[in-house]
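# Fold and contact review
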Protein chains: 2
Amino acid sequence: MQDALRLQTFLKDCQARVEQTLDRALPAAEQPPKRLHQAMRYAVLSEGKRVRPTLAYAGARAIGLAPERVDAGAAAVELIHAYSLIHDDLPAMDDDDLRRGRPSCHKAFDEATAILAGDALQTLAFGVIAEDKHGDTSDGARVQMIAALARAAGSIGMAGGQALDLESEGSELDLVMLENIHIHKTGALIRASVQMAVLACPDLDPEQANALDHYAKCIGLAFQIQDDLLDVEGDTDVIGKQSGADAAHEKATYPSLMGIGPAHEAANDLITDALDSLSSFDEGADPLRWIARYIVNRDR
Amino acid sequence: MQDALRLQTFLKDCQARVEQTLDRALPAAEQPPKRLHQAMRYAVLSEGKRVRPTLAYAGARAIGLAPERVDAGAAAVELIHAYSLIHDDLPAMDDDDLRRGRPSCHKAFDEATAILAGDALQTLAFGVIAEDKHGDTSDGARVQMIAALARAAGSIGMAGGQALDLESEGSELDLVMLENIHIHKTGALIRASVQMAVLACPDLDPEQANALDHYAKCIGLAFQIQDDLLDVEGDTDVIGKQSGADAAHEKATYPSLMGIGPAHEAANDLITDALDSLSSFDEGADPLRWIARYIVNRDR
């Protein structure tokens, strides 16, 4: 219980921190083209959970890195996430009208504006790291952060996972294929979030870097399993999007393939694995530990 | 006439060079997700004019930089250009069925794949610069190239220009507003193309850098005026897309606002201005000079 409260404080701090960075990085709503800039701000500055930025900050805390050093990386992963949600919601993609409890971007604005807003947010993600004026982050580190983000977001990362997911609709998927989709669609960007801290610290012990990456892999998959479970068990008002949407789209999910009980078990096993990989870290890694537990206990 | 032949040789060299870089940077068509990767290759490896990469190579030649130094930057601007064409052609945007004489990406594949292919190509553009293994380009230069590309492609560059263009459809535009659209929609990326060479050469004389940027500004606008003129005067078979499309969409263009004759004159004046800005350069800048003249003389 005390951990849950400490996580709430940590989450709030990270949310405030990344939202300040995002607010500064995004063009003003009054700056032309106004409609595009309003759509970008609408999609990014809504009440998101900010899981990915929080992972970047928690990773920084675990390795003793000042939070300033991951401000740009944290904002960048959130911008990539926000762009992907806009495009995923489009009629030609998942066709979702609701996102975070509000009309999705193409509903609040229009399809063309939503496409362009997503495009421009992706651009901004790379721009934020390249333009980061934080003196302690070397150019070499920034190039590596951009390379890692590009691998995570591109056709063999997040965008590729979304393509695999679309291809699979209506066809029979087994667990291996489903896991492959998740590893790419959501896992890659979650790994990249922790990488933003690891890469900002070029002198980090490689074993610690590997342990953090393994942690991120495990919680990334657990996060998606929990998302699938929330779609079955969650409340539309709480999760902020239509529950039961996966079943309506005849999508293969962990619960549909292995049952609700075993899906919960699989998520819990992954979290145990994630926590084990942090065994050599001191209390600086506690936020990472809290996040791991939160992922399987959250209700939205 | 001799210049035209020398330009043809230069263009062919640049095309071969950038197509080799692009072919290597793009995921193989057989690599999953196959449909996505096929769509990406389809959109990029069609017979484009490769104007932007050619400008990067011509800029490099003008300042005595080895072409290897701009391979990544040249590929990156072409990837941004290719992604923007895919998204511009979507039904929610310009709704074009034809591109470079072939079905546009969403016609050859499907809308969802086209959206994702555009997304992944944009990602790849930044990845190509970040992953560039060319030892002579410093990390600092690469960070600056990425920052310049992000400014040129984003909401206050190319994507913003497309938003302004869409907003303006059906409304009365004057020349100032039209020019503002062009400066962003096509001009920003053309300037960035020359910048790829300038930024790869951090010890360049600032006056030379400014002269090259002015050159790029002038030819960028001339390029768009010529595009407008080709839409009125060109042949669908030659330009590789439906001629008369602008008029059909009731779009304001240079010829529609100022007449065909004055539009030709405006383009020619800009080319004279562009050539004047190269006066302090030796024959290394000849390719830039040939390109300037080609822009107003091309028929596709």
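Residues numbered from 1 in each chain as written. Chains lettered and ligands numbered in written order. Predicted model: local features only at pLDDT ≥ 70, side-chain atom pairs only at ≥ 80, totals over all residues. Heavy atoms only, no water.

### Details of the overall build of chain A
To be explicit about the condition: Under the DSSP-based scheme used, a helix requires at least four consecutive residues in state H or I and a strand at least two consecutive residues in state E, with every element numbered from the N terminus. Here the globule rule reads 2.2 Å times residues to the power 0.38, and the radius of gyration is calculated from C-alpha atoms. Relative accessible area decides the class of each residue, using a 1.4 Å probe on protein chains only: under 20% of the type maximum gives buried, over 50% gives exposed, and in between gives partly exposed.
A count of helices and strands for chain A gives 15 helices and two strands. Against the compact-globule benchmark of 19 Å for 300 residues, chain A has a radius of gyration of 18 Å, which places it among compact chains. Principal-axis analysis of the C-alpha atoms places the extent of chain A at approximately 50 × 50 × 35 Å. Put simply, chain A has 300 residues, and 59% of those count as buried.

### So, the relation of the copies chain B and chain A
Each of the two copies of the chain can be brought onto the other by a rotation about an axis and a shift along it. Our working rule: A least-squares fit on C-alpha atoms brings the copies together, and the residues used are those whose pLDDT is at least 70 in both copies. The contact criterion used is simple: two residues touch if any of their non-hydrogen atoms lie within 4.5 Å.
When chain B is fitted to chain A, the residual RMSD is 0.0 Å, and the transformation amounts to a turn of 180° plus an axial shift of 0.0 Å. Seen this way, the second copy is the image of the first under a two-fold rotation axis. Rotation axis and chain B: the residue whose C-alpha lies nearest the axis is Asp139 of chain B, separated from it by 2.7 Å. Taken as a fraction of all interface residues of chain B, those also at the interface in chain A reach 100%, which identifies the copy contact as same-surface.

### Thoughts on the packing of aromatic side chains
Stated formally: Each Phe, Tyr or Trp ring (for Trp, its six-membered ring) is paired with any other whose centre lies within 6.5 Å, and the angle between the two planes then decides the class: stacked below 30 degrees, edge-to-face above 60, tilted in between.
For the structure shown, the criterion picks out five aromatic pairs over all chains. Taking the centre distance of 5.5 Å and the plane angle of 75° together, the rings of Tyr42 of chain A and Phe109 of chain A count as edge-to-face. Taken together, the residues Tyr42 of chain A in helix H2 (residues 34–44) and Phe109 of chain A in the loop between helix H5 (105–108) and helix H6 (111–131) connect sequence positions 67 residues apart. The class for Tyr42 of chain A is buried, based on a relative accessible area of 19%. Measuring from centroid to centroid gives 6.5 Å for Phe10 of chain B and Trp290 of chain B, while their planes differ by 75°, and the two rings are edge-to-face. Separated by 280 residues along the polypeptide, Phe10 of chain B in helix H1 (residues 2–25) and Trp290 of chain B in helix H15 (residues 286–297) bring together distant segments of the chain.

### With respect to the interface of chain B and chain A
Going by this rule: When two parts are put together, the accessible area they lose, computed with a 1.4 Å probe and summed over both, is reported as buried area. Any carboxyl oxygen of Asp or Glu within 4 Å of a side-chain nitrogen of Lys or Arg constitutes a salt bridge here. Residues adjacent in sequence count toward polar contacts only when both atoms are side-chain atoms; beyond that, a polar contact is any pair of N or O atoms within 3.5 Å, and within protein one must be able to donate a hydrogen and the other to accept it.
Listed per partner, the contact involves 44 residues of chain B and 44 residues of chain A. Roughly 3400 Å² is buried in total at the junction of chain B and chain A, and carbon and sulfur atoms are behind 72% of that figure. The interface formed by chain B and chain A includes two salt bridges. Here Arg151 of chain B and Glu131 of chain A are joined by a salt bridge, their closest N and O atoms 2.6 Å apart. Taken together, the links from chain B to chain A amount to 10 residue pairs in polar contact (both at pLDDT 80 or more). Broken down by secondary-structure element, the contributors of at least two residues to the side of chain B that touches chain A are helix H2 (34–44), helix H4 (71–89), helix H6 (111–131), helix H7 (139–153) and helix H8 (158–168) of chain B.

### Remarks on the pattern of salt bridges
All told, the structure shown has 32 salt bridges over all chains when counted by the stated rule. The closest approach of N and O atoms between Arg293 of chain B and Asp3 of chain B, which form a salt bridge, is 3.8 Å. In this pair, Arg293 of chain B is assigned in helix H15 and Asp3 of chain B in helix H1, connecting sequence segments 290 residues apart. Its salt-bridge partner being Asp227 of chain B, residue Arg298 of chain B comes within 3.2 Å of it at the nearest N-O pair. Of this pair, Arg298 of chain B sits in the segment after H15 while Asp227 of chain B sits in helix H10 (residues 206–233); the two residues are 71 residues apart in sequence, bridging distant segments of the chain. Look at the salt bridges and you will find they share partners, linking Glu19, Arg50, Glu78 and Arg100 of chain A into a network.

### Quick notes on the side chain of Arg41 of chain A
By the element assignment, Arg41 of chain A lies in helix H2. The residues contacting Arg41 of chain A, other than those within four sequence positions of it, are Asp23, Leu26, Pro27, Ala28, Ala29 and Ser46 of chain A.

### Comments concerning the confidence of the model for chain A
Residue and element names in this part refer to chain A. Threshold: You can read pLDDT as the predictor saying how much it trusts each residue, on a scale of 0 to 100.
On average, chain A scores 92 in pLDDT, and the residues at 70 or more come to 95%. Confidence, expressed as mean pLDDT per element, reaches its minimum in chain A at helix H11 (residues 236–239) with 58 and its maximum at H6 with 98. This complex was scored by the predictor with a pTM of 0.94 and an ipTM of 0.94.

### Overview of the nonpolar core
Among soluble globular proteins, nonpolar side chains are generally buried collectively. Note the cut-off: Side-chain atoms within 4.5 Å are what join buried Ala, Val, Leu, Ile, Met, Phe, Trp, Tyr and Cys residues into a set we call a nonpolar core.
Leu121, Leu149 and Tyr215 of chain A together with Leu121, Leu149 and Tyr215 of chain B are the most contacted members of the largest nonpolar core, which has 213 residues in total. Apart from the residues within four sequence positions on either side, Leu121 of chain B is in contact with Leu26, Met40, Ala43, Val44, Leu79, Ala82, Tyr83 and Ile86 of chain B.

### As for the packing of helix H3 (residues 51–62) of chain A against helix H4 (residues 71–89) of chain A
Residue and element names in this part refer to chain A. Defined as follows: Under this scheme, a helix contributes an axis fitted over its contacting stretch, all axes are lines through C-alpha atoms, and angles between N-to-C directions fall in the 0 to 180 degree range. Every angle not falling under 35 degrees, over 145, or within 65 to 115 is termed oblique; those three ranges are roughly parallel, roughly antiparallel and roughly perpendicular. By convention the crossing between two helices is left-handed if the near helix lies anticlockwise of the far one by an angle smaller than a right angle, and right-handed if it lies clockwise. Throughout this entry, Asp, Glu, Lys and Arg are counted as charged residues, while Ala, Val, Leu, Ile, Met, Phe, Trp, Tyr, Cys and Pro are counted as nonpolar. The remaining residues, Gly among them, count as polar.
Direction vectors running N to C along H3 and H4 enclose 155°, while the axes themselves pass 8 Å from each other. If you check the angle between H3 and H4, you find them roughly antiparallel. Between H3 and H4 lies a crossing whose hand is right-handed. For the pair H3 and H4, the contacting residues are Arg52, Pro53, Ala56 and Tyr57 in the first and Asp71, Ala74, Val77, Glu78 and His81 in the second. Along the lines of polarity and charge, the residues of the contact of H3 with H4 split into five nonpolar, one polar and three charged.

### Here's the deal with H6 of chain A
Residue and element names in this part refer to chain A. The criterion, for reference: Here, expected helix span is obtained from the residue count minus one, scaled by 1.5 Å.
Taking 1.5 Å as the rise per residue, H6 with 21 residues should run 30 Å; its terminal C-alpha atoms sit 29 Å apart, in good agreement. Counting buried positions along H6 yields 19 of 21 residues, so the element is predominantly enclosed. Backbone nitrogen of Ala112 and a side-chain oxygen of the N-cap are separated by 3.2 Å at the start of H6; the cap is Asp110.

### As for the packing of H4 of chain A against helix H9 (residues 175–199) of chain A
All names here are of chain A. Direction vectors running N to C along H4 and H9 enclose 165°, while the axes themselves pass 8 Å from each other. With respect to their mutual orientation, H4 and H9 come out roughly antiparallel. At the point where H4 passes H9, the crossing takes the right-handed sense. Facing H4, whose interface residues are Gly73, Val77, Ile80, His81 and Asp88, H9 presents Lys185, Leu189, Ala192, Ser193 and Met196.

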